[in-house]
Amino acid sequence: MPDTIRHDDAIELLPWLVNGTLEPREYEAVDLHAKNCVICRRELDRLGALATALADETQGELLPAPDMRNINARIDADLARSRRGAELLDRLLDWSGNRWRLAFVLQAAGVMALAVVLWRVEPESEFTTLTTPESLPSGDYLRVVFDPGLDGAAISALLEAYGLVLVSGPSERGVYTLGLQDASAERADVSASLEGAPGVLFVQPVTGKDSP
Amino acid sequence: MRPDSSRKVDARATAGRERDLLARVRRRDREAFTELYRLYQPRLLAYLRRVLASFALADEIVDDVLFVVWKDAKKFRGDSAVSSWIFGIAYRKTMTAIRTESRYQAPLDRSMDTALLPATTSGDHDFVRAGLAELSADHRQVIELTYFCGFSYAEIAEIADCPVNTVKTRMFHARRRLRHVLPVLAGEKPEKGRDHA
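Just so it is clear, the model here is predicted, and its values are computed rather than measured.

K.L.:
What should I look at first to understand the pattern of salt bridges in this one?
P.N.:
Where charged atoms of side chains with opposite charge meet at close range, the side chains can pair. Residues and elements named next belong to chain A. All told, the structure shown has 19 salt bridges over all chains when counted by the stated rule. Across the salt bridge formed by Asp 140 and Arg 187, the nearest N and O atoms sit 3.5 Å from each other. Linking Asp 140 in strand β1 (residues 140–146) with Arg 187 in helix α7 (residues 187–195), this pair joins segments that are 47 residues apart in sequence. Given a relative accessible area of 40%, Asp 140 falls into the partly exposed group. Taking the relative accessible area as the measure of exposure, Arg 187 reaches 18% and is therefore buried.

Below you can see the structure in the form of structure tokens.
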């Protein structure tokens with residue numbers, strides 16, 4: 001015995017009675033109701049006619065045959081991209097040995113990248129050059145970069161030989177600020193001779209900002 | 001139409017076959033994809049040509065849909081039929097195209113593609129087309145998915161990603177909009193009075 005169904009529910013389901021997709025229990029209930037309901041029977045005829053008209057409308061319409069050339073090209077490109085990505089990952093894994101090591105390397109690379117970014121965005125006002133005098137008291141100085149291979153004793157010997165004293169340094173970039181032992185000595189002469197000394201890479205005279 | 005038990009068995013077998021194909025596509029099996037493409041390309045094309053105003057766009061969207069099937073086969077969760085999943089992709093792409101450019105909404109101006117039409121066109125067809133032209137995109141989709149594609153209301157709810165009651169409500173409104181068309185199609189004489197659809 002099929003379930004009974006309210007008229008409003010039955011008439012709502014008629015489109016799917018027509019297309020044959022109602023579940024058996026629903027079908028029995030709606031069909032039984034429609035047999036005894038003039039309104040639903042008429043609506044069923046109308047919807048059946050609509051279904052037929054829609055089916056007829058495209059009957060005989062020619063559709064182009066499936067052509068997979070475009071989609072195959074897209075899939076080939078997609079597979080090639082995936083392969084390139086996989087190969088890159090494989091190469092990285094080969095090079096780094098294992099996934100943990102790769103993760104460490106990538107993390108280290110990230111930290112380095114961050115450091116570079118932070119270094120690059122350093123405020124301009126804090127950027128100093130070899131000739132920036134702000135932090136020096138008035139007077140004549142030399143800013144010098146030595147060969148990194150020179151040890152402290154060799155640098156001290158050079159300073160002694162050229163009559164220089166260490167004022168500050170080395171900075172993070174290896175720059176020494178040197179003063180003249182003899183205030184009457186010509187800074188230009190000292191600078192010129194120091195430039196030719198072995199182990200000296202760069203010499204730049206600089207003047208303290210309060211000096212005349 | 002009475003549910004046919006042999007049809008149900010066939011439908012279950014087809015659904016199982018399609019799930020197998022999709023599982024193979026997930027493993028990047030080109031042969032399985034080709035088979036799935038050949039099964040769905042004609043169905044999708046016929047459907048999209050009905051709901052979009054441009055045959056060229058319909059052709060393009062069919063390939064887009066099936067490319068998504070290739071790319072996203074792993075996203076198929078298996079809680080619906082493969083057909084509902086694939087038609088759901090097509091539905092969303094169609095609605096996006098229509099919302100982006102309303103000129104893409106059906107009715108199809110089939111006069112643009114007369115080479116593809118049967119030699120004769122009955123007056124009924126014009127009448128139906130005029131009626132369907134009155135429908136919003138949502139309502140038109142429910143009509144097409146029901147009558148043209150043969151989906152159940154539960155499947156249409158999955159395709160349109162909406163509750164079952166929304167599907168029924170859209171169908172109700174579509175039938176109301178077609179209330180002048182349906183009696184004529186059924187061969188009734190025009191009558192004055194209330195309409196029950």
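K.L.:
Just to check I follow, could you spell out the interface of chain B and chain A for this structure?
P.N.:
By a widespread convention, an interface's size corresponds to the accessible area lost as its parts come together. Taken together, the contact between chain B and chain A spans 56 residues of the former and 48 residues of the latter. Taken together, chain B and chain A are joined by 4 salt bridges. Between Glu43(A) and Arg175(B) there is a salt bridge; the shortest N-O distance is 3.1 Å. The tally of links between chain B and chain A comes to 12 residue pairs in polar contact (both at pLDDT 80 or more). The element that contributes the greatest number of residues to the side of chain B that touches chain A is helix α2 (residues 30–51) of chain B, accounting for 10 residues.

K.L.:
Where do I start with the packing of helix α1 (residues 7–18) of chain A against helix α3 (residues 38–58) of chain A in this structure?
P.N.:
Between two packed helices, both the angle of their axes relative to each other and the distance between the axes serve to describe the pair. Residues and elements named next belong to chain A. Where α1 contacts α3, the two axes come as close as 9 Å, and the packing angle between them is 25°. The angle between α1 and α3 places the two elements in the roughly parallel class. Where α1 crosses over α3, the two elements pack in a sense that is right-handed. For the pair α1 and α3, contact is made by His 7, Ile 11, Leu 14, Pro 15, Leu 17 and Val 18 and by Ile 39, Cys 40, Glu 43, Leu 44, Leu 47, Gly 48 and Ala 51, respectively.

K.L.:
I would appreciate a short explanation of the packing of aromatic side chains in the present structure.
P.N.:
Each aromatic ring pair is summarised here by two numbers: the centre-to-centre distance and the angle between the ring planes. Under the criterion given, the structure shown has 8 aromatic pairs over all chains. Here Trp16(A) and Tyr153(B) contribute two aromatic rings whose centre-to-centre distance is 5.4 Å and whose plane-to-plane angle is 75°, an arrangement assigned as edge-to-face. Of the two residues, Trp16(A) is situated in helix α1 and Tyr153(B) in helix α7 (residues 153–160); the pairing between them involves two chains. Residue class for Tyr153(B) comes out buried when judged on its relative accessible area of 13%. Of the aromatic side chains, those joined through ring pairs into one cluster are Tyr40(B), Tyr47(B), Phe87(B) and Phe151(B). Between the NZ or CZ atom of Arg30(B) and the centre of the ring of Trp70(B), over which it lies, the distance is 5.9 Å. A cation over an aromatic ring shows up here: Arg50(B) above the ring of Phe148(B), its NZ or CZ 4.8 Å from the ring centre.

K.L.:
Could you clarify how one ought to interpret helix α2 (residues 24–35) of chain A in this entry?
P.N.:
Turn by turn, an α-helix covers 3.6 residues, leaving residues three or four places apart pointing in a common direction. Taking 1.5 Å per residue as the helical rise, α2(A) with its 12 residues ought to reach 16 Å, and the 16 Å between its terminal C-alpha atoms agrees with that figure. For α2(A), every residue scored as buried is listed here: Tyr27(A), Ala29(A), Val30(A), Asp31(A), His33(A) and Ala34(A).

K.L.:
I'm lost on the confidence of the model for chain B in this one. Help?
P.N.:
Low pLDDT marks regions whose predicted coordinates should not be analysed in detail. Residue and element names in this part refer to chain B. For chain B, per-residue confidence averages 83 on the pLDDT scale, and residues scoring 70 or more make up 79% of the total. Within chain B, α7 carries the highest mean pLDDT (97), whereas helix α5 (residues 123–133) carries the lowest (74). Every residue in residues 108–121 scores below 50 in pLDDT, and together they form 27 contacts with partners more than four places removed in sequence or on other chains. Below a pLDDT of 50 lies the segment residues 193–197, which in the model reaches 10 contacts outside its immediate sequence neighbourhood of four places, other chains included. We note a pTM of 0.64 for the whole complex and an ipTM of 0.82 for its interfaces.

K.L.:
I would appreciate a short explanation of the packing of α1(A) against helix α6 (residues 137–148) of chain B in the present structure.
P.N.:
The geometry of α1(A) relative to α6(B) is characterised by a closest axis approach of 8 Å and an angle of 45° between their N-to-C directions. Classified by the interaxial angle, the pair formed by α1(A) and α6(B) is oblique. Contacts between α1(A) and α6(B) involve Pro15(A), Trp16(A) and Val18(A) on the former and, on the latter, Val142(B), Thr146(B) and Tyr147(B). Taken together, the residues that form the contact of α1(A) with α6(B) break down as 5 nonpolar, 1 polar and no charged.

Here is what the cut-offs are and how they apply
- Residues numbered from 1 in each chain as written.
- Chains lettered and ligands numbered in written order.
- Predicted model: local features only at pLDDT ≥ 70, side-chain atom pairs only at ≥ 80, totals over all residues.
- Heavy atoms only, no water.
- Salt bridge = Lys/Arg side-chain N within 4 Å of Asp/Glu carboxyl O.
- Helix = DSSP H or I, 4+ residues; strand = E, 2+ residues; numbered from the N terminus.
- Buried < 20%, exposed > 50% of the residue type's maximum accessible area, 1.4 Å probe, protein only.
- Contact = heavy atoms within 4.5 Å.
- Polar contact = N/O pair within 3.5 Å; in protein donor to acceptor, adjacent residues only side chain to side chain.
- Axes fitted to C-alpha atoms, helices over the stretch in contact; angles between N-to-C directions.
- Parallel < 35°, antiparallel > 145°, perpendicular 65-115°, else oblique.
- Left-handed = near helix turned anticlockwise from the far one by under 90°.
- Phe/Tyr/Trp six-rings, centres within 6.5 Å; stacked < 30°, edge-to-face > 60°.
- Lys NZ or Arg CZ within 6 Å of the ring centre and 35° of its normal.
- Expected span 1.5 Å × (residues − 1).
- pLDDT = per-residue confidence, 0-100.
- Nonpolar A, V, L, I, M, F, W, Y, C, P; charged D, E, K, R; others polar.

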